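Chain residues, written in single-letter form:
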Amino acid sequence: MMRAYIDALVDTLVPGDDTLPSGSAVGVSIALCRRLEPGPDRDPRLQAALEAIEARAGGAPAFCRANETARVEVLEQIERAMPESFGVVVSVALMEYYDADVVLERLGWRREPPQPGGHPLEPFDERRLEVVKRRAASWRSS
Amino acid sequence: MIHDPPADVIVIGAGFGGAAFSWRLSQRVPGVRLACFERGGWINPSDMPASSRGWQRAVVGAWSASPNQRLACRSAASADYAIDDLESPIKPLMWSGVGGSTINWSAHFPRLHPSDFQTRTLDEVGDDWPFSYFDLEPYYDVNDVETGVSGLAGDPAYPPKPARPMPPLPLGRLGERAADAFNELGWHWWPVDAAINSVPHGGREACNNCGPCAIGCVRRAKSSVDATYWPKAIAAGVELNTRCVVHEVLVEAGRATGVRYHDRDGIEHERRASFVVVAGNGIGTARLLLASNIGGGADNAVGRCLMFHPAAYARGMFRDELDGPRGPVGAVLYSHEFYETDQQRGFVRGVQLQVTRENAPLVQALRVEPAWGRSAVRRLREEFRHSMAVLILVEDLPESHNRVSIGRERAADGLPNVKLHYRLSSSSARMLEFGLARAEELLRTAGAYRVVRVSPAPYTGWHLLGTARMGADPGRSVTDARGRCHAVPNLLVVDGSVFPTAGAVNPGSTIGALALKFADDLAREFGR
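What you see is a predicted model; the values in this text were computed from it and never measured.

Draft legend 1. Main features of the nonpolar core. Counting 205 residues, the largest nonpolar core has A93(A), I10(B), V277(B), V390(B) and I392(B) as its most contacted members. A93(A) has contacts with V10(A), L13(A), V14(A), G23(A), V28(A) and L32(A), leaving out every residue within four places of it along the chain.

Draft legend 2. Local environment of the environment of E337(B). Residues and elements named next belong to chain B. Position of E337 among the secondary structure elements: in the loop between strand 11 (333-335) and strand 12 (351-356). It is 7.4 Å that separates the C-alpha atoms of E337 and W189, two residues lying 148 residues apart in sequence. Ignoring any residue separated from it by four or fewer positions in sequence, one finds E337 in contact with W187 and H188.

Draft legend 3. The pairing of strand 12 of chain B, seen in detail. Residue and element names in this part refer to chain B. In terms of burial, strand 12 is a largely internal element, six of the six residues being buried. Side chains V351, L353 and V355 project from strand 12 onto one buried face, and the interleaved Q352, Q354 and T356 project onto a second face that is buried too. Of the pairings in the sheet, the one linking strand 11 to strand 12 comprises three bridges and is antiparallel in character. Within the sheet, the bridge partner assigned to Y334 lies in strand 12 and is Q354. Summarising the sheet, strand 12 and strand 13 (residues 387-394) pair through six bridges and their orientation is antiparallel. Considered in strand 13, the bridge of Q354 is made with L391.

Draft legend 4. Main features of the interface of chain A and chain B. Residue-level contacts link 39 residues of chain A with 55 residues of chain B. Residue classes in the side of chain A that touches chain B are distributed as 23 nonpolar, nine polar and seven charged.

Draft legend 5. Representation of the packing of helix 3 (residues 44-57) of chain A against helix 5 (residues 68-81) of chain A within the structure. All names here are of chain A. Here helix 3 crosses helix 5 at 130°, and the two axes come no closer than 10 Å. Regarding the angle of helix 3 to helix 5, the classification is oblique. By crossing handedness, the relation of helix 3 to helix 5 is classed as right-handed. Along the contact surface, helix 3 presents A49, A52, I53, R56 and A57, while helix 5 presents V74, L75, Q77 and I78.

Draft legend 6. Broad picture of the sheet that holds strand 13 of chain B. Residue and element names in this part refer to chain B. Within the open sheet, the six strands sit side by side as 5-11-12-13-10-16. Their pairing is antiparallel. The sheet terminates laterally at strand 5 (190-191) and strand 16 (450-454), the two strands that pair on one side only. Running at roughly 155° to strand 13, helix 11 (residues 426-446) makes contact with strand 10 (311-317), strand 12, strand 13 and strand 16 of the sheet.

Draft legend 7. Local environment of unusual backbone geometry. Residues and elements named next belong to chain B. Geometrically, the link from E369 to P370 is a cis peptide bond, its omega value of -5° lying close to zero. As for its placement among the helices and strands, P370 is situated in the loop between helix 9 (361-367) and helix 10 (374-383). A cis amide bond links S455 with the next residue in sequence, P456, at an omega value of -15°. Residue E124 is not a glycine yet carries a positive backbone phi of 60°. Along the polypeptide, E124 turns up in the loop between helix 4 (119-123) and helix 5 (133-147). Residue classification places E124 among the exposed residues on the basis of 8 C-beta atoms within 10 Å. The phi angle at R349 is positive, at roughly 70°, despite the residue not being glycine. Along the polypeptide, R349 turns up in the loop between strand 11 and strand 12.

Conventions used here
Residues numbered from 1 in each chain as written. Chains lettered and ligands numbered in written order. Predicted model: local features only at pLDDT ≥ 70, side-chain atom pairs only at ≥ 80, totals over all residues. Core = buried A, V, L, I, M, F, W, Y, C linked by C-beta atoms within 7 Å. Buried ≥ 20, exposed ≤ 12 C-beta atoms within 10 Å, placed from the backbone. Contact = placed C-beta atoms within 7 Å. Helix = DSSP H or I, 4+ residues; strand = E, 2+ residues; numbered from the N terminus. Pairing = 2+ DSSP bridges. Nonpolar A, V, L, I, M, F, W, Y, C, P; charged D, E, K, R; others polar. Axes fitted to C-alpha atoms, helices over the stretch in contact; angles between N-to-C directions. Parallel < 35°, antiparallel > 145°, perpendicular 65-115°, else oblique. Left-handed = near helix turned anticlockwise from the far one by under 90°.

As structure tokens, then:
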């Protein structure tokens with residue numbers, strides 16, 4: 001399957017904006033192609049969805065040439081026609097994209113995993129509870 | 001077939017119920033020959049993904065809370081079996097291994113209210129429990145100590161509780177904003193009782209607010225029974241056999257005589273015992289009992305009256321920055337302002353509001369609607385670190401048509417396939433709507449400029465309750481006040497299956513307390 005087509009597809013799904021890079025710029029296309037190769041991660045629904053998109057667009061080159069509005073229209077048609085398979089495409093794209101270091105950093109988050117660093121938070125301040133502590137007991141006795 | 005040496009007691013399942021029961025019985029009856037069989041294995045914290053790149057994918061893949069999703073990823077971390085949940089809008093969540101679902105729970109650790117034990121008497125719905133809150137209270141207290149609880153005594157929504165072993169977890173900016181809004185509205189709130197260390201405790205470290213409790217706790221700051229009850233039980237002589245799948249409880253002349261199981265090599269064993277205890281959660285227990293032709297009651301009651309806590313979310317978006325995924329995801333604060341019955345609301349029983357933290361960016365992205373395209377990216381950027389979620393949990397009432405059934409086909413583990421049949425009741429739907437309206441009111445008061453509702457939230461089926469419910473009448477219940485099956489008196493059920501009603505709070509604390517009580521009840525059979 002031609003790489004330009006995969007890039008166009010990925011950048012329609014995850015186009016990026018003035019802060020975030022596009023999907024193809026962070027390796028989503030490569031991950032998608034890898035999932036099409038024979039092996040344990042191969043999912044036939046992915047292949048089926050990509051072929052259906054290509055066919056609906058009138059071929060991969062036509063999809064590449066189309067503007068974003070036209071591409072979105074094609075994808076919406078396929079999403080309605082084969083939601084499960086299309087969902088696999090979206091899921092693979094999002095998993096790759098939002099796990100990319102550059103995306104995490106530009107979202108204002110960190111690339112390191114949760115551990116061992118954790119996060120600092122201020123200790124609980126009991127003064128906020130003063131008003132609640134003055135309430136009468138609200139549990140029902142029998 | 002290998003015939004193992006007999007035991008006094010066989011426990012099936014090493015989750016909360018099985019662990020607390022085994023520990024307590026080993027303390028009350030020193031020298032008791034207690035053998036536990038667990039279908040999964042031990043989880044080594046170093047195998048948990050929170051220290052690894054790609055951990056976000058684990059949250060929605062190999063370490064998903066859903067056994068079906070884990071199976072789809074060919075994950076072997078949990079010893080899962082497939083559950084046909086097509087006829088249930090709420091999807092079951094669990095973990096199969098030593099520790100059970102305490103491995104991946106959020107560790108929110110509330111007690112039921114006294115009224116939850118008397119819904120028939122007070123509100124003419126459901127059934128009364130065969131004992132009261134105050135009968136169970138001493139066991140709640142022991143369970144709190146053994147589990148390790150962070151929190152604060154003095155909540156006016158509850159009868160007095162002992163001082164919590166550790167101070168409350170931090171609220172963070174998100175929790176403080178919510179608390180201020182509750183105060184402004186004049187509504188009840190309180191920091192959660194959490195089975196998470198806020199300071200070093202019990203030989204385990206303090207939580208460092210890393211966030212994703214659902215993928216296991218590398219630091220062991222989150223309490224799980226593989227790190228609390230099990231080491232003590234094993235030290236007291238309890239035998240814990242892992243990777244062993246019990247596929248039949250043997251019953252002869254109305255008495256349980258033992259079990260048949262496959263070991264990790266697939267070899268069939270039979271082991272005899274004086275008592276058999278099933279602790280496999282509201283689905284696994286029903287599956288095994290039904291597979292063993294133990295129906296119970298006049299209505300084939302085993303498997304019926306499945307209860308979840310139907311749940312919905314209201315998510316508010318804020319202009320200023322909140323914490324994002326900092327802090328234990330499910331353990332911030334709760335409100336029981338609407339927990340007790342008020343007939344003017346148009347339903348009986350109640351609703352819990354629970355403020356929860358944000359998820360990791362990938363998890364958030366998979367939940368944004370629409371999921372792809374320019375607007376999806378824009379929305380994720382708008383929401384991430386700027387949202388607060390309020391979880392609404394409501395009390396599900398027992399309904400016979402909500403049930404667990406087994407099929408004729410055998411699954412890979414040798415047990416019959418299992419299926420859920422569940423419909424959200426009109427009462428639960430009304431309660432969710434009410435809770436969502438209150439949650440939105442709270443979020444707007446806190447400053448949210450936009451609120452999104454998700455109802456019911458499908459992947460919230462943690463609490464698997466009611467499928468072997470307790471009661472005095474054998475025609476309307478499966479087990480008695482000591483967890484014993486009416487039909488097979490030396491067969492006990494020690495998990496959430498025995499709940500006659502569900503309350504509207506997380507059940508872990510009550511499951512542990514029940515297990516301790518049932519162990520004490522059984523200890524008396526041994527003269528202790």
